[in-house]
Amino acid sequence: MVEIGFYALIMAFCLSVYGMFMGILSLYRPQRGVIYSGRNALIGVNVCVLLAAGVLWVALLTHDFSVSYVFRNSSIDMPPIYLLTSFWSSLEGSHMLWTTIMSIVVSLALLSLREKNEPLLPGLLAAFGFCLSFMTLLLVWASAPLTRLFPVQEFGQGMNALLQNPYMAAHPPSLFSGYCSLIVPFGYSVAALLRGSFTPDWLVSVRRWTLAGWMILTVGIFLGGKWAYVELGWAGYWAWDPVENSSFMPWLAATSLLHTLLILDKTNRLPRLAVSIAGIAFVLTFLGTFITRSGVISSVHSFAESNIGPAYLTYIVLWAAILIFLIATRGHLLQGAARAQTWTVSKESALLFTNFFLLFLLALVCIGTLLPLIVEAVRGVKISIQQPFFNAFAPWIGIGLVALVGVGNLMRWRSGKIQDPVAGLLYPALWSAALTAVLAWHKALDVRSTVGYLLILWTAFVMIMDLVFKLKAIRWNGQVFLKFNRPYLGSWIAHLGFLLAISGFLGGYRGIQAEARLATNESTQFYGYTLTYRGMKYAKEYNATYASAVIEAKNESGEIVEVNPTRSKYTNKEEWLNEIGIHSTFWHDLYLVLAFFDPQTNQVSLKMHINPTVKFVWTSLVVMVLGALVGLSHRIKRRSVEVSANGLLLESATEDFDLLNESLSPVRFRQKAQSAALIGGAVLLLVFGFSGIAMAGENSTARMQYSSQLQDIGNELRCPTCQGVSILESETPQSTAMRREIERQVSEGRSKDEIIAFFRNRYGEWILRKPDSSQAFGKMIWLIPSLGLIVGPAFLIFAIQSSRRREERERAELEKELRLFVESARQSGGRV
């Protein structure tokens, strides 16, 4: 049985190579039979890989420990659901999952190829075939999951205990599905470059696949954050961990690509940038895998390490070189590439600035993730770039993106004119200022939170006014709007989800944490809750033993709920792991960690956290996915309604005559009701998103977890054995010892600089979570992004102004030539 799967993978590799060569041959001698032979070969790859995947699943479910992968990643006492998910719990299986999904996506892309895109088929075969050849080669060579084990063992070793979690069960498939969806925009871009032009439906296909990939990748990233939130015990969901960054970089590239495709669609500009970003997005998926799987970093997320890194690195460099060569030699052939780029203050300019901030953040994350590896390889010195470095720049980028969402929505294409600036800009400013003032007074917000919520609320109100303007322009005909403007509505909802996420991130800075040691029936007060410890309970399920504390949480209204922070121990792991107890309300999460329990004295030590706006983060996922689904539901051939400032339909708005008839006919009550429902739904969604920024009163008599001095110093020192977290967030013995050392030195009267210098001398620069600005190299790391964040927008503003002056100068010269021609004709007695 296993041999059948192995030979199926060999066949898949042969078919991939055949399909690739048929595509390359067809670029020079296109013959329909040869092209479709290569297409069918790549579809056959999917059949072979699915067969091999089925063989591996059967081996896992039947406990066939003669297969090395099954022995190393499963055991007879594992729950059945995690026997299924152990398929992707280690390197070989996750690579098999990636290849399986990629082959499915390639088959769907080839089977759904639109007729007008058929000239791209040879290039698609070459690109898809090359990618599948690499993936299937690894499955039979460096990352083979179907290899035999001799002698056969009786019991399996089991998979990584941290992966036995529902969110982690779904995280890899969704993440890899997002990665694989990006192969289609990438393949279409390579095919367009090889052909030297776009096809009529190139943009339609690329945009839909990019949006689908962006949506699925968003789900995957959020599932990973939710797993970290409920499993690791530090009350956070994002730590700028290198492996988190490796999934965030393709997402940023895909987001930038969506905005670039919109500019390309509306103005026929930036074709080379579009194909470049499509290539970058796909290559970054392999860069993330190189970081995750090569063993070059140590992370709680990097579960599968091997010596596969050189193969991935070679593949990345090869594709990057091919893309650079194609763009340099054939990019100028694409439609719109040779046009004079005249930019004015308009919607496309706002999108250009949006792209700058997205690509700047992408570059910042990429450099911050890779630079420690490069420095260690070149200089032999370890450095760390962690959360404090990224958090120093991310808020400013977020401010720019939030402001651009508001202003950009009101602007029009090729015109900076804003319809009714008073209603579109001033009224939202007054409304948001009033709401923010009430919120700041009620909750005593600091300056950062006040400014942040003011900007977020202003942008949200501006978006609602833009929706009102668009409905007004088509005479409040909600039926026509829903029929033809679903891409706009989908992007509107997705951008609101983005604002919800930003508000959730901003509120996360106001989280409260404390600790308490309790005996049976003893209570503590925390954030308006009375927490009473009622004892321990123990349970055993499959390969895990659970020790749970029974905590009664009574809020100020007298409602009592039971929260069970738990420690779990697995048969294949010595230490106890966290299973977080969470009481989730609409406004906040009560987050309890069982840090310690003593079975003899029945005492427990609790870490208690309040996360005020974490619900907004998870809600934003639902809203963004909803927006993407609305956009994907739009009919391909019908474009959005475009109207002039006077509410007249533009000639380019649609090719359907029935739209004109529908929009000019008397609007019935039902259509107005649909329009009112759209506006009402938008307002309700806004209220739902922002009404609970901070509701419960802050009332805590529990002892704060760390002193202010320890928090100030500990935030700048990393855990020596973890990745991406400080010594305050880690419970490893090394971090605990470092906290005690800091407390000892603080009690002796030493300053912060002296204490940090002590740890730096002991561990090296690597122990610092951000580059040391007192040294030349550290100053350079801080200075370059700072200058880029300032100089980049300034350069774009200068370029737009120069473009506008050039256009005015060319127009004046043309008018002068026309006047001279008219005068010359008159003087000669001729007729003009």
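Residues numbered from 1 in each chain as written. Predicted model: local features only at pLDDT ≥ 70, side-chain atom pairs only at ≥ 80, totals over all residues. Heavy atoms only, no water.

Asks: Sorry, what's going on with the overall build of the protein chain here?
Replies: Within the protein chain, the regular secondary structure consists of 25 helices and 11 strands. Within the protein chain, buried positions represent 56% of all 832 residues. The long-range fraction of contacts in the protein chain, counting pairs at least 24 apart against all pairs at least 6 apart in sequence, stands at 73%. Only carbon and sulfur atoms are counted for the fraction: they give 62% of the accessible area of the protein chain, which is about 35,700 Å². (Helix = DSSP H or I, 4+ residues; strand = E, 2+ residues; numbered from the N terminus. Buried < 20%, exposed > 50% of the residue type's maximum accessible area, 1.4 Å probe, protein only. Contact = heavy atoms within 4.5 Å. Areas by Shrake-Rupley, 256 points an atom, 1.4 Å probe, with all protein chains shown as cover.)

Asks: Would you mind going over the pairing of strand β5 (residues 560–563) with me for this structure?
Replies: Looking along a regular strand, one sees side chains alternate from face to face of the sheet. Across the two faces of β5 the burial differs, with Val-561 and Val-563 buried and Ile-560 and Glu-562 not buried at all. Summarising the sheet, strand β4 (residues 544–554) and β5 pair through 4 bridges and their orientation is antiparallel. Counterpart to Ile-551 in the pairing with β5 is Val-563. Connecting β4 to the antiparallel partner β5 that follows it, the hairpin turn spans 5 residues, and Gly-558 within it adopts a positive phi of roughly 95°. (Pairing = 2+ DSSP bridges.)

Asks: What is the right way to read the packing of aromatic side chains from this model?
Replies: To describe a pair of aromatic rings, one takes the distance between the centres and the angle between the planes. The tally for this structure, following the rule as stated, stands at 42 aromatic pairs. With a centroid separation of 5.5 Å and an interplanar angle of 85°, the aromatic rings of Trp-576 and Phe-597 are classed as edge-to-face. Of the two residues, Trp-576 sits in the loop between β6 (566–570) and β7 (577–579) while Phe-597 sits in strand β9 (residues 589–598), which places them 21 residues apart along the sequence. Trp-576 sits in the partly exposed class, given a relative accessible area of 32%. Residue classification places Phe-597 among the buried positions, given a relative accessible area of 14%. Ring-pair connections join several aromatic residues into one group, and the members of that group are Trp-98, Phe-130, Phe-134, Phe-176, Tyr-179, Phe-186, Phe-282, Phe-286, Tyr-312, Tyr-315 and Trp-319. Of note, Lys-347 hangs over the ring of Trp-413, and the distance from its end group to the ring centre comes to 6.0 Å. Over the aromatic face of Phe-777 sits the side chain of Arg-379, whose NZ or CZ is 4.9 Å from the ring centroid. (Phe/Tyr/Trp six-rings, centres within 6.5 Å; stacked < 30°, edge-to-face > 60°. Lys NZ or Arg CZ within 6 Å of the ring centre and 35° of its normal.)

Asks: How should I be thinking about the nonpolar core in this particular structure?
Replies: The nonpolar side chains of a soluble globular protein tend to be buried, and buried together. Judged by nonpolar contacts, the single largest core of 189 residues is most densely connected at Trp-98, Met-102, Ile-183, Trp-202, Trp-214, Phe-286 and Leu-287. Setting aside anything within four residues of it in sequence, one finds Ile-183 in contact with Met-102, Val-105, Val-106, Phe-128, Cys-131 and Phe-282. Among the nonpolar cores identified, the runner-up in size contains 23 residues, and Ala-514, Val-561, Val-563 and Leu-592 belong to it. (Core = buried A, V, L, I, M, F, W, Y, C linked by side-chain atoms within 4.5 Å.)

Asks: Teacher, can you tell me more about the packing of helix α5 (residues 91–111) against helix α7 (residues 166–181) here?
Replies: The packing of two helices is summarised by the inter-axis angle and the distance between the axes. Two numbers describe how α5 lies on α7: the axes approach to 9 Å, and their chain directions differ by 45°. In terms of orientation, α5 lies oblique with respect to α7. Every pair of crossing elements has a handedness; the one defined by α5 and α7 is right-handed. Contact residues: α5 offers Ser-94, Leu-97, Trp-98, Ile-101, Met-102 and Val-105, while α7 offers Pro-172, Pro-173, Phe-176, Ser-177, Tyr-179, Cys-180 and Ser-181. Within the contact of α5 with α7, the residues separate by chemical class into 10 nonpolar, 3 polar and no charged. (Axes fitted to C-alpha atoms, helices over the stretch in contact; angles between N-to-C directions. Parallel < 35°, antiparallel > 145°, perpendicular 65-115°, else oblique. Left-handed = near helix turned anticlockwise from the far one by under 90°. Nonpolar A, V, L, I, M, F, W, Y, C, P; charged D, E, K, R; others polar.)

Asks: So what exactly am I meant to see when it comes to the pairing of strand β10 (residues 603–611) here?
Replies: For β10, the buried fraction is high: 8 of the 9 residues fall into the buried class. Here β9 runs beside β10; their pairing, made up of 9 bridges, is antiparallel. In the sheet register, Tyr-591 faces β10, and the bridge partner there is His-609. With antiparallel pairing between neighbouring strands as the criterion, β9 and β10 make up a hairpin whose turn holds 4 residues, including Asn-602 at a positive phi of roughly 60°.

Asks: I keep staring at the confidence of the model for the protein chain and nothing clicks. Help me out?
Replies: Summing up the model confidence of the protein chain, the mean pLDDT is 85 and the portion of residues at 70 or higher is 88%. Between residues 299–305, whose pLDDT stays under 50, and residues either more than four places distant or in other chains, the model counts 27 contacts. pLDDT under 50 marks residues 638–657. Its contacts with residues more than four places away, or in other chains, come to 41 contacts. (pLDDT = per-residue confidence, 0-100.)

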